[in-house]
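So you can see what is in the structure, the chains are spelled out below.
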Amino acid sequence: MIFQIVELQIQPDKMDATMALLENLVAGSRAEEGISYYMPTVSTEDPNRLIMLEEYADEAAMTAHRDTSHLKAALGEIGAYLAGKPSYRVYQVAEVEVK
């Protein structure tokens with residue numbers, strides 16, 4: 001299982017447009033095989049900081065997502081709404097034995 005956290009700083013006057021843009025992205029992503037969680041969240045400390053929480057079954061699912069039309073469409077538009085460079089972090093779930 002792989003988690004990706006994407007942090008986006010949105011221009012203050014562009015948050016509504018950003019959330020509207022995310023509707024198609026989230027709907028399409030949640031319908032993909034191999035994605036079990038795909039959720040936009042907003043920071044409680046900064047209302048213009050959008051954090052995408054994404055859970056993939058494996059690397060292949062994450063790679064396949066990058067090639068979807070709904071992601072490509074969102075990426076083509078969202079740049080105009082950003083106030084800074086996005087941050088991407090990827091985590092592999094660690095196996096922990098629970099006794």
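Residues numbered from 1 in each chain as written. Predicted model: local features only at pLDDT ≥ 70, side-chain atom pairs only at ≥ 80, totals over all residues. Heavy atoms only, no water.

Draft legend 1. Representation of the sheet that holds strand β3 (residues 49–56). The antiparallel open sheet is built from four strands, whose spatial order is β2-β3-β1-β4. The open sheet has two edge strands, β2 (35–42) and β4 (87–92), and neither has a second partner. The average undirected angle you get between the axes of adjacent strands in this sheet is 15°. In this structure, strand β1 (residues 2–9) lies alongside β3, joined through eight bridges in antiparallel fashion. Looking across to β3, one finds that glutamate 7 is bridged to isoleucine 51. Sheet strands in contact with helix α2 (residues 59–66) are β1, β2, β3 and β4, and its direction is about 35° off that of β1. (Pairing = 2+ DSSP bridges. Helix = DSSP H or I, 4+ residues; strand = E, 2+ residues; numbered from the N terminus. Axes fitted to C-alpha atoms, helices over the stretch in contact; angles between N-to-C directions. Contact = heavy atoms within 4.5 Å.)

Draft legend 2. Structural view of helix α3 (residues 69–78). Considered for burial, the residues of α3 that qualify are His70, Leu71, Ala74 and Ile78. Along the axis of α3, the buried residues cluster in a sector spanning 95°; they form a single face. Facing away from the buried side of α3, by more than 90 degrees, are the exposed residues Ser69 and Gly76. On the buried face of α3, the contacting elements are β1, α1 (15–30), β2 and α2. (Buried < 20%, exposed > 50% of the residue type's maximum accessible area, 1.4 Å probe, protein only. Arc of directions from axis to C-beta.)

Function-wise, these values are silent; they only describe arrangement.
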